[in-house]
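Breakdown of the fold
Below are the chains, spelled out letter by letter.
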Amino acid sequence: MSGWVDRILKEFTADLSRLWIAADPDDVLLDERVLSGLRERGFELLPYDDSVAFRAEYEERYRTAWDHDQDAPSKALVLHLRGSSSGDLPWDYLSQARQVSVSLANLFPKLSYSVVRQVGPDQHEALFDAHAKHASQAMGESSTKEFILTHIYKISPHLIARPEDLWRELLRLHYRDAALPAVLAEHVAGVLSEIAALKPLPLRQLFESKPALLRTVQDAWYRYLSSHGVTGTRIGEPSPAELQLRVEIPFEHPDVRVWIDSMFLDGLLHPLSVQGMPTSIPEWAKVGVVQDPLALRTLVAEGIKAIQQALPDTESSYRDWINTARKFGEVLGRYHGLDATRAEGLKASMAELQRATDEQLIAWSSKHYADLPSLPIVKGPVMVHHIPRYLARQRTEGSGRVALLVFDGLAIDQWVLVRECLGRRAPNYGFDESACFAWMPTLTSVSRQAIFSGLKPREFTETIETTASESAHWSRFWQDQGLKPNEIFYRKGLKRNDQLEELESSIGSAIKVAGIVVDTVDEIVHGAVLGKRGIATQIEHWCDSGFVDRLFALLLAKGFDVYLTADHGNVEAIGQGRPKQGVAAEMRGERVRTYRNEAIAAESEAACPGSHRINVAGLPVNYQALFAGGRGAFMLQGEHAVVHGGVSVEELMVPFVRIIHEKKNER
């Protein structure tokens, strides 16, 4: 265990008290490694976001057991308070609990607290080590900024003097998914704005925003190819004339092109599809050009190899899995775009990649999935039930109207198909892309209901097997945020162009938040007979109907900030036989079966070789899930189908995307 985690955990010894109150204004305890360490010591952390919900869970699951000298779900419970004072808590908590306080001010006493609190939790461990080794005296704001830039981000803005220096550092940072916090981006921009060649650039935005950097580089790449006489179809990105930021990047400099090469292989940048290859184009630049199906096959093959070589392990961060899922989606989306002959040649290597990622994800989830529900949402939702709280936060920071589109059943690789289709049909859209975790089991009634309620499944036990209460959940959440019922909109069953006019009339000026379920993909999946390759073709035809871009345009025109996600994805699976249980299972899905009785669940697991159970914290106590093994399914032996419910990258990791309308340059 690291020194950072040890320093925090030394405050907690389970034998000292059953109930703890932790005042944590900086969310220090919501670091996934800290949460894992607390769990290993016998603690469960429960956020005190809703006093009523906390009271109900505390009384039902902990206090009753302790009062009767019985085992509770954990040895000790931590009431997590996102503030520095516990004085407003109920007297019975204060009288029973042991109180601790943790803050970044105490953990980094020699650094400026106002700067440190803006650094992401993923950097705290490295900063703690650097603070111990190199911080010899108390520092002010400016010195703290320079200290963090030097020791954590490995950047010295005073040594950046030329465009190639700037782009090397920008590409290195964003390839590592290490965008600078706003306070540091502003500091670097202030230093670099003194350099004439760099002053015209939107420096703060480029250091602070990965999506802005990628859109800028993508635009510059296509113009670079055009200067070599290469033209063609842009894959999944706006055309140059539509983008606001147009800059020149020294792609041919060795320090720059090494990062460009990796970004194309990982799917962060999208290649140009061309007919014919001019001899003037440098050999190294061909990684960003797809000349023919053979070139696309090579890109897929290299992508498979790159992911296999860098698969996260059981000690990896959830961020590693989000990044891996996005790369996996890009490669799988491209794979389904190959013709049948070339795809067949990569079938074995793709199957091996899927097997390896599934096994690693299951092993990782068994150890860390329980910590995900409590993680902070500052940079984006980690799990789908975080999405409403994230959107509420965006509204408080200036977003007026917010629309959430839930594309039921849309796997992360199928989002790639949608995005690329939109790139051809409506090139004025940009996308801030990320991903998050669905709830296990990846069933609509579990995961989609979590999206619209903002709750963990344990908190909607009575409705966990139906979606009928989604509208009520959605309305309750937003009324708790201060909205009136007539300002909240929910609609499901949207799928066709002829429904858009009615939708437009329904979301008048009074509506502040809209939740919309688009279930076309789920219908395509459940009717699929040609596997995911056939689904890919059907999704493209659906996008070509204009429904998706018209839906985006409608909402954006009405002033909504538009976000897209999914409740779960889907996989191709092979039947391993149906358990002979009659009505013992509450839900009999192809990839998962759920039980209300522990003994029957254990008996079913023994009767189904290869199946497995994962203890999913956050599910109701009497809700047991049995998952089919590998890419198997509880269907007739040897039967093939595209299904969901299980634990795989394609089912568990879903897209979370903000849709942006890029305005034309007025130059």
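What this report covers is the structure whose coordinates are included nearby. Because the structure is predicted, anything quoted here is derived from the model rather than measured.

**Some words on the pairing of strand β15 (residues 592–595)**
Neither face of β15 is open: one carries Val592 and Thr594, the other Arg593 and Tyr595, and all of them are buried. Sheet topology note: the β15/strand β16 (residues 624–627) ladder contains four bridges and is antiparallel. The residue of β16 that forms the bridge with threonine 594 is alanine 625.

**Overview of the packing of aromatic side chains**
Within the structure shown, the criterion is met by 33 aromatic pairs. With a centroid separation of 6.4 Å and an interplanar angle of 65°, the aromatic rings of tyrosine 58 and tryptophan 66 are classed as edge-to-face. Just as tyrosine 58 is buried, tryptophan 66 falls in that class too. Between the aromatic rings of phenylalanine 452 and tryptophan 474, the centroid separation amounts to 5.3 Å while the plane-to-plane angle is 85°, which identifies the pairing as edge-to-face. In this pair, phenylalanine 452 sits in helix α19 (residues 444–453) while tryptophan 474 sits in helix α20 (residues 470–480), placing the two residues 22 residues apart along the sequence. Its relative accessible area of 0% is what places phenylalanine 452 among the buried residues.

**Describing the side chain of histidine 270**
On the secondary structure map, histidine 270 appears in the loop between α13 (254–266) and β6 (272–273). Engagement of the side chain of histidine 270 in a polar contact is seen with the side chain of arginine 419, the distance being 3.3 Å.

**Considerations on the sheet that holds strand β11 (residues 513–518)**
Within a sheet, adjacent strands bond to each other through the backbone by hydrogen bonds, running parallel or antiparallel. Spatially, β9-β19-β12-β8-β11-β10 is the arrangement adopted by the six strands of the open sheet, whose pairing is mixed. Every interior strand has two partners, whereas the edge strands, β9 (429–437) and β10 (488–494), have only one. Neighbouring strand axes in the sheet, compared pairwise and without regard to direction, differ in orientation by 20° on average. Strand direction decides the pairing type here: β9 and strand β19 (residues 653–661), joined by nine bridges, are antiparallel. Residue pairing for β19: tyrosine 429 is matched across the bridge by histidine 661. Contacts from helix α18 (residues 412–425) reach β9, β12 (560–565) and β19 within the one sheet, and its direction differs from that of β9 by about 175°.

**A word on the nonpolar core**
Counting residues in each nonpolar core, the largest one holds 197 residues, and the members touching the most others are Ile148, Leu166, Trp167, Phe207, Trp221, Phe437 and Leu555. Beyond its immediate chain neighbours, meaning those up to four positions away, phenylalanine 207 contacts Ile155, Leu166, Leu170, Leu173, His174, Ala179, Leu180, Ala185, Val188 and Leu192. Formed by 16 residues, the second largest nonpolar core is a distinct cluster that contains Leu46, Tyr48, Tyr62 and Tyr93.

**Thoughts on the pairing of strand β2 (residues 43–47)**
Across the five residues of β2, five count as buried, placing the element largely inside the fold. Of the two faces of β2, the one carrying Phe43, Leu45 and Pro47 and the one carrying Glu44 and Leu46 are both buried. The pairing of β2 with strand β3 (residues 76–81) spans five bridges and is parallel. Directly across from leucine 46, in β3, lies its bridge partner leucine 79.

Rules behind the numbers
Residues numbered from 1 in each chain as written. Predicted model: local features only at pLDDT ≥ 70, side-chain atom pairs only at ≥ 80, totals over all residues. Heavy atoms only, no water. Buried < 20%, exposed > 50% of the residue type's maximum accessible area, 1.4 Å probe, protein only. Helix = DSSP H or I, 4+ residues; strand = E, 2+ residues; numbered from the N terminus. Pairing = 2+ DSSP bridges. Phe/Tyr/Trp six-rings, centres within 6.5 Å; stacked < 30°, edge-to-face > 60°. Polar contact = N/O pair within 3.5 Å; in protein donor to acceptor, adjacent residues only side chain to side chain. Axes fitted to C-alpha atoms, helices over the stretch in contact; angles between N-to-C directions. Contact = heavy atoms within 4.5 Å. Core = buried A, V, L, I, M, F, W, Y, C linked by side-chain atoms within 4.5 Å.

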